[in-house]
Amino acid sequence: MEQLATLDELPTRYLHELKQSNLVPLWPSLRNVLPPQKPIPQTLATAWYFKDIKPLLLEAGELTPIQKAERRVLVLANPGHGLENMKASSVMYLGMQLLLPKEWAPAHRHTPNAVRLIVEGEGAYTTVEGQKCLMEHGDLILTPSGLWHEHGHDGNEPVIWLDVLDLPLVYYMEASYVQPGDIQKVTSSGNAHRYGVGVVPTCHFIRENASYPMMRYSWKETRKVLHALAEDQQHQGPVEVTYINPETGADCQNIIGYSALMLRPHETVQLQPRSCAQVFHVIDGQVMVKTDEKIFDLGKADTACAPCFSQIDLINTSDQPCYVFIADEAPVQKKLGVYSVRERH
Ligand code: 1HN
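Source: prediction; values computed, not measured.

Attention shifts here to the pairing of strand β4 (residues 104–110). The sheet contact formed by β4 and strand β9 (residues 149–153) spans 3 bridges and is antiparallel. When the sheet's bridge partners are listed, Trp104 is paired in β9 with Gly152. Sheet topology note: the β4/strand β11 (residues 178–180) ladder contains 3 bridges and is antiparallel. Bridge pairing links His110 to Val178 in β11.

Set out below in structure tokens:
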């Protein structure tokens, strides 16, 4: 590809005149905005270890009362995007949230979609549009765009969860805002009796439906499905399930996709390079995450992210199964028609 002319090849007078009229030349920047073959991601492969996060989060519990925080969260920021921008990737925000016994994080609703993946502790709950969802280790709880949600805690130990939001994308679109609400009346304890576990073997449905029939995806039940799939002689490929809208088979949310992958003892799964960034969070077990440039040894409650088109190996280094929660940007990329998968090299 031709090397294009740079800014400093233009006369200063000309640049000044452009600026006066709010104009810029495209060609000095063309290779930046449209790099050949693949994007140049700002997202860096990065890991955040729970052993580092937990003490600092518990200290936040002493330093800042919940009333002064509303949501007591340490953000898992990707240095490639600048820590202050609070992005794990261009689309995904990650945070670890602490709620102490008897605390209450008041009701609100906002335009970004959020999910919680429960990391540690018992007795907390999230109420989503009147549906009280207990928070047990490994559960996935949706708080989709525009739905009221609040967190409470009837137990007696700190509860910590991972928040995943599409905040960077929605904020970039200048579409991010919140509305405060009143304490919710509990009107439902969920729809698990109707829809079952809410996960299916990962494959790719394309159906349309904007509603959210299910909010809580029980880890106990999801884990059983993973084990059954691992035993299923018919099943080929990674033991992975996607969290879906059980009425439509579509991804459970519109922008970020969620799945759970099981690695058998000592199993290696080689992921195909994909056009979206991905986040890996260990629900239980040990996994080595090999990306193009970096290798992370992750244990329970650790989290890592990898940029688009990474060639990733997930290696279970132990003789116990390992369960990995995965968040990716595939749903939004598919909707926009920019999603692709490549062969490994
Ligand atoms: C939010 O509403 C929660 O409801 C957590 O727990 C993290 C990060 C950014 C914006 C809104 C919550 C958030 C958030």
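In the region of the ligand, the neighbouring residues are Arg71, Tyr93, Gln97, His108, His110, Arg116, His149, His151, Asp163, Leu165 and Leu167. Contact distances for the ligand include 2.7 Å between an oxygen atom and a side-chain N or O atom of His110. About the coverage of the ligand: the protein hides 85% of its 330 Å² of free accessible area. Among the secondary structure elements, those contributing two or more residues to the shell around the ligand are β3 (93–99), β4, β9 and β10 (159–165). By residue class, the composition of the shell around the ligand is 3 nonpolar, 5 polar and 3 charged.

Let us look at the pattern of salt bridges. All chains considered together, the criterion is met by 14 salt bridges. The salt bridge partner of Arg216 is Glu136, with a shortest N-O separation of 3.4 Å. Here Arg216 is found in strand β13 (residues 216–217), whereas its partner Glu136 is found in the loop between β7 (131–134) and β8 (140–143), with 80 residues between them in sequence. Judged by relative accessible area, which is 23%, Arg216 ranks as partly exposed. Take Glu136: its relative accessible area is 29%, and that puts it in the partly exposed class.

So, on to unusual backbone geometry. For Asn22, which is not glycine, the phi torsion reads 55 degrees and is therefore positive. Backbone geometry at Gln37 places phi at a positive 75 degrees, although glycine is not the residue there. Its location among the elements puts Gln37 in the loop between α2 (30–33) and β1 (46–48).

We now examine the pairing of strand β17 (residues 278–284). Among the 7 residues that make up β17, 6 are buried, leaving the element largely enclosed by the rest of the structure. Strand direction decides the pairing type here: β17 and strand β22 (residues 322–328), joined by 6 bridges, are antiparallel. Along β22, the bridge assignment pairs Val282 with Val324.

In this structure, Met96, Leu140, Val164, Tyr243 and Tyr258 are the most contacted members of the largest nonpolar core, which totals 61 residues. Once residues within four sequence positions are removed from consideration, Leu140 is found in contact with Val115, Arg116, Leu117, Met215, Arg216, Tyr217, Tyr243, Tyr258 and Phe325. Counting 19 residues, the second-largest nonpolar core is a separate cluster that includes Leu261, Val287, Ala304 and Ala306.

Criteria and cut-off values
Here the residue numbering is sequential within each chain, running from 1 through the sequence in written order. Selection of residues for local features in this predicted model requires a pLDDT of at least 70, selection of side-chain atom pairs for listing and counting requires 80 or more, and totals for whole chains, interfaces and linings are taken over all residues. Derived side-chain values reflect all non-hydrogen atoms in the structure, with water molecules and hydrogen atoms excluded from consideration. For two strands to count as paired, DSSP must find a minimum of two bridges between them. Here a helix means four or more residues in a row that DSSP labels H or I, a strand means two or more in a row labelled E, and each is numbered from the N terminus. We call a residue near a molecule or strand as soon as one heavy atom of that residue lies within 4 Å of the molecule or strand. N or O atoms closer than or at 3.5 Å make up a polar contact, with two conditions inside protein: a donor-capable atom paired with an acceptor-capable one, and, for residues adjacent in sequence, both atoms drawn from side chains. To be clear on the numbers: accessible area is Shrake-Rupley with a 1.4 Å probe, and residue cover counts the displayed protein chains and nothing else. Under the grouping applied here, Gly and all other residues not named as nonpolar or charged are polar, the nonpolar ones being Ala, Val, Leu, Ile, Met, Phe, Trp, Tyr, Cys and Pro and the charged ones Asp, Glu, Lys and Arg. Definition used for salt bridges: Asp or Glu carboxyl oxygen within 4 Å of a side-chain nitrogen of Lys or Arg. Under the scheme applied here, a residue whose accessible area is under 20% of the maximum for its type counts as buried, over 50% as exposed, and between as partly exposed, the area being computed with a 1.4 Å probe on protein chains only. Side-chain atoms within 4.5 Å link the members of a nonpolar core, which is a set of buried Ala, Val, Leu, Ile, Met, Phe, Trp, Tyr and Cys residues. Contacts are residue-level and defined by heavy atoms, with any inter-residue pair within 4.5 Å sufficient.

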